[in-house]
Every structure is written in C-alpha cells, then in structure tokens.
Amino acid sequence: MGEESTRKRRDVADGDAPRSQPDSLVGSGSRTDAALHWCYLHGDRQIVSGLILTAAFVAALLLIRGSLITPAEADDIVSISSTLIGGMLPFITVVLAINQLILSEEFGTTGAFFERLEETADFRESIEAHTGVRPSPAEPSALLRTLIEAKRRTTLGLANVCRDADTELREDVEEFVSATEPRDDGAVESLEGTTFGTFEVISVILHYDDPWQLQEVRKLREHHRHALSAPAADQLDRLEELLGDIHVARQYFKTVYMQQELADLSKILLYVGFPTLLAGAFVVLSYGNLLALELHPSLYVLVVAATITALFSPFAVLLAYVLRIATIARRTAADFGPFVLQQQLPGEDLETSDAGDGD
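Since the model is a prediction, treat every value here as computed from it, not as a measurement. (Residues numbered from 1 in each chain as written. Predicted model: local features only at pLDDT ≥ 70, side-chain atom pairs only at ≥ 80, totals over all residues. Heavy atoms only, no water.)

Asker: Whenever I open this one, unusual backbone geometry confuses me. Can you help?
Answerer: The residue after Arg134, namely Pro135, is reached through a cis peptide bond having omega -10°. Considering the arrangement of structural elements, one finds Pro135 in the loop between α6 (110-131) and α7 (140-161). Even without being glycine, Glu294 reaches a positive phi, approximately 55°. Here Glu294 shows up in the loop between α11 (230-292) and α12 (297-331). The exposure class assigned to Glu294 is exposed, which follows from its relative accessible area of 70%. (Helix = DSSP H or I, 4+ residues; strand = E, 2+ residues; numbered from the N terminus. Buried < 20%, exposed > 50% of the residue type's maximum accessible area, 1.4 Å probe, protein only.)

Structural data, given as structure tokens:
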C-alpha cells in the first residue's frame, strides 16, 4: 500500500508535465534554438519574409556568378520569368480560398448570430461566477489574465485548506502548487499590459498547460477522495471549473488570432502579387530591348537578380505566414480537455516524468 501511495505521488512530483508536454518555462539552450523559435513563431512575419527574399537575392547573384543564369541571354531570362509568373497564378486561387474560409465564419442567419450571442453571454456569466470579477473584461488578454489569476488564487487556497490534512494529501498538493505556480506567475506577468494580437498573448495561449493541470486535479481528487475535506473538495471543483474556462478561452482566442493571420496573409498576397505580376510581365516583354541598349553588365545582373527575387516574393510571404499558422495548429491540434498530446516545437526541451508508468 505504501509503495502504491508513493507511486501515485510521483505522478505529481516527478514531472511537471507528461512527456508529450513541452516545458513552457525552459528557455532555448542555444542560439540555434532561439533562432528556430523566432523563425517559427516569435518573429515579425514581414521581417521573416524579407530575410527569405534576401536569401533569394543572394542565391540569384551566386547562380549568375556561377554562370548557371546568364543575364546576357534574353531567352533564358524570359523563360525563367515566364515560369515563375506561371507559378504565381495559383496564388489567386489561394487568396480566394483563404477569404472563403474566413468569410464562412461570418455568414449566418439572425438565429445563428443570436445563438452565438447567447452562448458568449453564458460563457461570460460563467467566468464571472467562477472568478468573482463583474463584469468580466472584454479585452481577450485581460480576460485570460483574470482567469489565470483566479486559478492561481484557488490553487493557493487549496494548499491552505490542506495544511492540516494527512501527510500524503498535503505533500501532493504542495507538489502541484510548486509545479503550477511559476507557470501562473509567468502567464500573468506576460499578459499584463498586453493587447490581443501581440505574440505575448499567443505565447501564453500556446504554452499554458491547462490539460495537464486538469488531469492532475482529477488525480488528486481520485487518489485522495476519502481524505478530502469539504473545503478541499470545493477548491478542487472550482479549479476544474476555472481550468475549463481557461481552456475554452485559449481555444477561442487562438481561433480568432489565426483568422486574423489568414486575413493579413490574403491581403499581403494581393498587395505583393499584382505588382510582381506586372513587373514580371514587363521583363518578359522588354528584356530583349533592354539588352539591345548595351548598358553596363552589372546593371543586367541586378535587374535579373531583382526580378527573380520579386517573383519569389509571394512565395516568401506565404511561407512566412503559413509556417507560423501551421506551427500553432500543430502545437495545439489535440489540446483539449484532459488529453495532453501537444507536439514539440523545434528546439523545445521536454520535461522528464514517469508518464509511461501505468496507474
């Protein structure tokens, strides 16, 4: 019996999260890891696109220097430009598909909109009942911060009511508090003074491990159901309710953020795509005449390298935005309820635990 109790306690004590759950508090261990995190998530997408285009420009210059691209041959340049322009045409379909995806959430009947309004009002009332904050904040980052602060207070309250409990229960609760309090403090600090749309909010949405915490609360209740006092059981009930609210808020705000990212992507693709098509068409039609002017060879090198870079620009924008959208989607694809199946980000350390042990 003692061995079983010790094993149960290790579920909370030995690891802050299951093996599949990245540790949101562990920083990158190298510059390469930091660069990957910046490229995948934290970096401004326009800057990332600019870096990709800079790499394309340098690659074009190297290809020209290696005589793999010859600016003096008009047929070669026209062929390259025509091929890239042909590859850009599907972007019109991409933009239309993205806008159709976004608009599909905006269309509906009055009944559907009224139902959504009622559901939102019910959710806000639930948050107000669980946090004691009335009215609940309307700004997403402030609402999420309010929920996490309430959850942190409830966790500390659970520790207080369990001070006089039996040793095993008290130690398990203390381990749970020590594992979750740094995450709560970090999330509250990150959300303070931020506005929705900044990556500080998205970082909290990505890394706040409420599915694991919910699972640990359920374990505490199950393993100590005979030792729990009425106040302790009430605190666990409130913890489950708050973690459920946090989970719904995280998923909803993540969805809204990704809709905004897709809207920005479609708009930027239009801004970049049409001028690029015009520039490419100009090169196809007039590069031969430009060669006939017999200008300095360096000028033709720059024209060709700039043309290739410009024709790659829609691809660079698409890559930069989809990279982050896909990373966020993969990171939270199975993040629901007590199931913890989140995927590791590049360079992100994992916590050790005995998650593989059977209950």
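Still more ground to cover, so stick around.
Asker: Sorry if this is basic, but what is going on with the confidence of the model for the protein here?
Answerer: Note that predicted coordinates carrying low pLDDT should not be read in detail. Taken residue by residue, the protein gives an average pLDDT of 79. The fraction at 70 or more is 84%. When mean pLDDT is taken per element in the protein, helix α3 (residues 45-65) scores highest with 93 and helix α1 (residues 2-13) scores lowest with 43. Under a pLDDT of 50 for its full length, residues 1-28 has, in the predicted model, 71 contacts with residues more than four places off or in other chains. The low-confidence segment residues 342-359, where pLDDT is below 50, has 56 contacts with residues more than four positions distant or belonging to other chains. (pLDDT = per-residue confidence, 0-100. Contact = heavy atoms within 4.5 Å.)

Asker: Whenever I open this one, the environment of Leu147 confuses me. Can you help?
Answerer: By secondary structure assignment, the location of Leu147 is in helix α7. For Leu147, a relative accessible area of 0% translates into the label buried. For the pair Leu147 and Ile127, spaced 20 residues apart in the sequence, the C-alpha separation amounts to 7.5 Å. With sequence-adjacent residues up to four places away left out, Leu147 is seen in contact with Ile127, Thr131, Leu242, Asp245, Ile246 and Ala249.

Asker: How should a negative patch on the surface be read in this particular structure?
Answerer: Residues Glu115, Glu118, Glu119, Asp122 and Glu125 make up a contiguous surface patch of negative charge. Relative to the elements of secondary structure, Asp122 occurs in helix α6. Residue classification places Asp122 among the partly exposed residues on the basis of a relative accessible area of 49%. (Patch = residues over 30% accessible without salt bridge, like charges linked within 9 Å, V, L, I, M, F, W, Y side chains within 5 Å. Areas by Shrake-Rupley, 256 points an atom, 1.4 Å probe, with all protein chains shown as cover. Salt bridge = Lys/Arg side-chain N within 4 Å of Asp/Glu carboxyl O. Lys, Arg positive; Asp, Glu negative; His and termini not counted. Charge placed at Lys NZ, Arg CZ, Asp CG, Glu CD.)

Asker: What is the right way to read the side chain of Glu128 from this model?
Answerer: Of note, Glu128 is situated in helix α6. Here the side chain of Glu128 touches Ser136 through a polar contact of 3.0 Å, landing on its backbone nitrogen. With residues near it in sequence (within four places) discarded, Glu128 still touches Val133, Arg134, Pro135 and Ser136. (Polar contact = N/O pair within 3.5 Å; in protein donor to acceptor, adjacent residues only side chain to side chain.)

Asker: Help me understand the packing of aromatic side chains, please; the structure alone is not making it clear to me.
Answerer: Think of a pair of aromatic rings as described by two things: how far the centres are apart, and how the planes are tilted against each other in angle. Inspection of the entire model under this criterion finds three aromatic pairs. On the numbers, 6.3 Å between centres and 80° between planes, the contact of Tyr287 with Tyr300 is edge-to-face. With a gap of 13 residues between them, Tyr287 in helix α11 and Tyr300 in helix α12 connect regions that are remote in the sequence. The buried category is assigned to Tyr287, whose relative accessible area is 2%. Using a relative accessible area of 6% as the deciding quantity, one classes Tyr300 as buried. (Phe/Tyr/Trp six-rings, centres within 6.5 Å; stacked < 30°, edge-to-face > 60°.)

Asker: Explanation requested: the pattern of salt bridges in the structure shown.
Answerer: Close approach of charged atoms allows side chains of opposite charge to pair. The full count for this structure, using the stated rule, is 11 salt bridges. Two residues, Asp185 and Arg152, come together in a salt bridge whose shortest N-O distance is 2.6 Å. A residue pair is termed long-range when its members are at least 10 positions apart, and Asp185 in helix α8 (residues 167-191) and Arg152 in helix α7 qualify at 33 residues. Overall, Asp185 belongs to the partly exposed group, its relative accessible area being 32%. What you see here is one network of salt bridges that share partners, running through Arg145, Glu149 and Glu192.

Asker: Mind showing me how you'd approach helix α5 (residues 90-104) here?
Answerer: Given 3.6 residues per turn, any residue in an α-helix points the same way as the ones three and four places further on. Look at α5: 21 Å from first C-alpha to last across 15 residues, which is about the 21 Å you get at 1.5 Å a residue. Phe91, Val95, Ile98 and Ile102 are the residues of α5 that are buried. Along the axis of α5, the buried positions cluster into a sector of 65°, meaning they face one direction only. Of the residues in α5, the exposed ones pointing more than 90 degrees away from the buried face are Thr93, Leu96, Gln100 and Leu101. (Expected span 1.5 Å × (residues − 1). Arc of directions from axis to C-beta.)

Asker: How should I be thinking about the environment of Glu241 in this particular structure?
Answerer: Its place among the elements puts Glu241 in helix α11. For the pair Glu241 and His130, spaced 111 residues apart in sequence, the C-alpha separation works out to 7.1 Å.

Asker: Even after reading the chapter, I still don't get the packing of helix α9 (residues 199-207) against α11, so can you show me in this structure?
Answerer: The description of two helices packed together rests on the angle between their axes and the distance between the axes. The interhelical angle for the contact between α9 and α11, taken along N-to-C directions, is 135°, at an axis separation of 10 Å. By the angle between their directions, the pair α9 and α11 is classed as oblique. For α9 against α11, the interelement crossing comes out left-handed. Contacts from Phe199, Ile202, Val204, Ile205 and Leu206 in α9 reach Arg250, Phe253, Lys254 and Tyr257 in α11. (Axes fitted to C-alpha atoms, helices over the stretch in contact; angles between N-to-C directions. Parallel < 35°, antiparallel > 145°, perpendicular 65-115°, else oblique. Left-handed = near helix turned anticlockwise from the far one by under 90°.)

Asker: Would you mind showing me how to read the nonpolar core here?
Answerer: One recurring pattern in soluble globular proteins: nonpolar side chains tend to sit buried together. Core analysis: the largest hydrophobic core is formed by 37 residues, its most contacted members being Leu144, Ile148, Ile202, Val204 and Ile328. Those elements that provide at least two residues to this core are α5, α7, α8, α9, α11 and α12. For this core, the element with the most residues is α11, which contributes 11 residues. If we ignore the near neighbours within four places in the chain, the residues touching Val204 are Leu144, Ile148, Ala187, Ser190, Leu191 and Arg250. If you look at the next biggest cluster of nonpolar residues, it comprises 17 residues, including Leu84, Ile85, Tyr300 and Ala305. (Core = buried A, V, L, I, M, F, W, Y, C linked by side-chain atoms within 4.5 Å.)

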